[in-house]
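# Coordinate analysis (summary)
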Amino acid sequence: AFQNVVVKNNYLQSVSAKAIVFQGTQDSYWIGNYIDNAANAAQQGGTTASFLFRTKNMYISNNIFVNTPDTGSSDQSAIDNEGQNEDNHYTGNYFSNNYGGAMEFLMINGEIPPRYGEDYNRNHEIKGNTFVANNVGALWATTDTGPTSGSITDNLYYENNLLRDPSKFQQWTPVENNTEI
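First, a word on scope: everything that follows refers to the structure included in this document.

Cut-off values and rules
Residues numbered from 1 in each chain as written. Predicted model: local features only at pLDDT ≥ 70, side-chain atom pairs only at ≥ 80, totals over all residues. Heavy atoms only, no water. Phe/Tyr/Trp six-rings, centres within 6.5 Å; stacked < 30°, edge-to-face > 60°. Helix = DSSP H or I, 4+ residues; strand = E, 2+ residues; numbered from the N terminus. Buried < 20%, exposed > 50% of the residue type's maximum accessible area, 1.4 Å probe, protein only. Pairing = 2+ DSSP bridges. Core = buried A, V, L, I, M, F, W, Y, C linked by side-chain atoms within 4.5 Å. Contact = heavy atoms within 4.5 Å. Axes fitted to C-alpha atoms, helices over the stretch in contact; angles between N-to-C directions.

Attention now moves to the packing of aromatic side chains. Applying the stated criterion across every chain yields a total of eight aromatic pairs. Judged by centre distance (5.5 Å) and plane angle (20°), the rings of tyrosine 29 and tyrosine 59 are stacked. In this pair, tyrosine 29 sits in strand 5 (residues 29-31) while tyrosine 59 sits in strand 8 (residues 59-61), placing the two residues 30 residues apart along the sequence. According to the relative accessible area criterion, tyrosine 29 is partly exposed, its value standing at 30%. Aromatic ring contacts, followed pair by pair, group Tyr90, Phe105, Phe169 and Trp172 into a single cluster.

Right under this line is the structure:
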């Protein structure tokens, strides 16, 4: 696995594919990046501004994720936690106008990348972020192969909902001190 990778202070605009991808990475950082209008071309596997798979102990802090567009693809989120991720920290980020939502946590029996019966997204921390006018809400999850888990605290949101489907976040605790603005 890659370790101690730092992606810092980048301005990524109008990228046709994913702007940032970490796969097989741990103990690493995304800090102070501005991602605008990424994943703006339809892709068969889905579009997302950034993508995480097989990551651990990531710090994604003080970034701006805006304007992930509707391409007619699946996902269309700012951050796609695709699977096999654990102990990641999302703090102090700003998410706005992302068509598929700000962040998604997937648990899928899937072939690409392969993870039949062994997918997980667990022990994440979502704290002190701001979510504004994302199409499907701030956070959403699928739980085809089991529950996702973590904590969701001290966030601000101006959304239809903080959690697209609260039943998919039953293992997240605490979920508290989140303020609708």
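With that settled, the discussion passes to the pairing of strand 7 (residues 47-56). Within a regular strand, the side chains alternate between the two sheet faces. Counting buried positions along strand 7 yields eight of 10 residues, so the element is predominantly enclosed. Where strand 4 (residues 20-26) and strand 7 come together, six bridges link them in parallel fashion. Across the sheet, isoleucine 20 pairs through a bridge with serine 50, a residue of strand 7. In this sheet, strand 10 (residues 75-83) lies alongside strand 7 in parallel orientation, the contact comprising six bridges. Across the sheet, residue serine 50 finds its bridge partner in strand 10, namely isoleucine 79.

Let's shift gears to the nonpolar core. Grouped together as the largest cluster of nonpolar side chains are 29 residues, with contacts concentrated most on Trp30, Met103, Ile126, Phe131 and Leu139. Broken down by secondary-structure element, the contributors of at least two residues to this core are strand 4, strand 7, strand 10, strand 14 (103-105) and strand 18 (139-141).

On to the sheet that holds strand 22 (residues 179-180). Taking strand neighbours across the sheet as the criterion, the seven strands line up as 3-6-9-13-17-20-22 in an open arrangement whose pairing is parallel. Unpaired on one side and paired on the other, strand 3 (11-13) and strand 22 mark the two borders of the sheet. Here strand 6 (residues 34-36) pairs with strand 9 (residues 64-66) via three bridges, running parallel. If you follow isoleucine 35 over to strand 9, its bridge partner there is phenylalanine 65.

So, about the side chain of asparagine 93. Within the fold, asparagine 93 resides in the loop between strand 12 (89-91) and strand 13 (94-96). Apart from the residues lying within four places of it in its own chain, the contact partners of asparagine 93 are Ile60, Ser61, Asn62, Asn63, Phe65, Gly128, Asn129 and Thr130.

Bringing the side chain of threonine 142 into the picture now. Summarising the element assignment, threonine 142 is placed in the loop between strand 18 and strand 19 (150-153). On the basis of relative accessibility, which here comes to 18%, the residue threonine 142 falls in the buried class.

Turning to the sheet that holds strand 21 (residues 172-176), a few remarks are in order. Judged by pairing direction, the sheet is parallel, and its seven strands sit side by side in the order 2-5-8-12-16-19-21 without closing on themselves. Only two strands of the sheet have a single neighbouring strand rather than two, namely strand 2 (6-8) and strand 21. On average, each strand axis in the sheet is tilted by 5° relative to the strand beside it, whichever way the strands run. Where strand 19 meets strand 21, three bridges bridge the pair, whose relative direction is parallel. The residue bridging isoleucine 152 from the neighbouring strand is valine 175, located in strand 21.

Attention shifts here to unusual backbone geometry. Cis geometry marks the peptide bond from threonine 173 to proline 174; its omega dihedral reads 0°. Turning to its location among the elements, proline 174 is positioned in strand 21. Phi is positive for aspartate 87, close to 60°, though the residue is something other than glycine. With phi around 55°, asparagine 177 is a residue other than glycine that occupies positive phi space. Relative to the helices and strands, asparagine 177 is located in the loop between strand 21 and strand 22. With a relative accessible area of 54%, asparagine 177 lands in the exposed category.

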